[in-house]
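# Architecture at a glance
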Amino acid sequence: MRVFGIASLLALAACGDTAVEQALMGGGAGAAGALVLDGNVATGAVVGAAANFAYCQKYPSRC
């Protein structure tokens, strides 16, 4: 179950056309991942938002 949850969240993480969308999508994926892994949801949201934004800035053609 956890593997399926993580895989589906990773598929959602790299999307969004603007910086705000990238941060929101990453934050949502991070929060959901924290719920699946029984972690801190707020921390997951912050890390997910930052990670997705950074990824999309580095690899804009993949977002």
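Conventions adopted
- Residues numbered from 1 in each chain as written.
- Predicted model: local features only at pLDDT ≥ 70, side-chain atom pairs only at ≥ 80, totals over all residues.
- Heavy atoms only, no water.
- Helix = DSSP H or I, 4+ residues; strand = E, 2+ residues; numbered from the N terminus.
- Buried < 20%, exposed > 50% of the residue type's maximum accessible area, 1.4 Å probe, protein only.
- Areas by Shrake-Rupley, 256 points an atom, 1.4 Å probe, with all protein chains shown as cover.
- Expected span 1.5 Å × (residues − 1).

A separate point is the overall build of the protein chain. On a plain count of helices and strands, the protein chain comes out with 3 helices and 0 strands. Each helix (α) and strand (β) of the protein chain, taken in turn from the N terminus, gives the series α-α-α. Here the protein chain holds 63 residues, and 25% of them are scored as buried. Total accessible area computed for the protein chain in this model is approximately 4,100 Å², and 70% of it derives from carbon and sulfur atoms.

It is worth spelling out helix 2 (residues 19-36) at this point. A rise of 1.5 Å per residue sets the reference length of helix 2, with its 18 residues, at 26 Å; its end C-alpha atoms lie 26 Å apart and thus fit the reference within 8%. Those residues of helix 2 lying buried are Gln22, Gly26, Gly27, Ala29, Gly30, Ala31, Gly33 and Ala34. Two residues or fewer past helix 2, Asp38 is found with a positive phi of approximately 60°.

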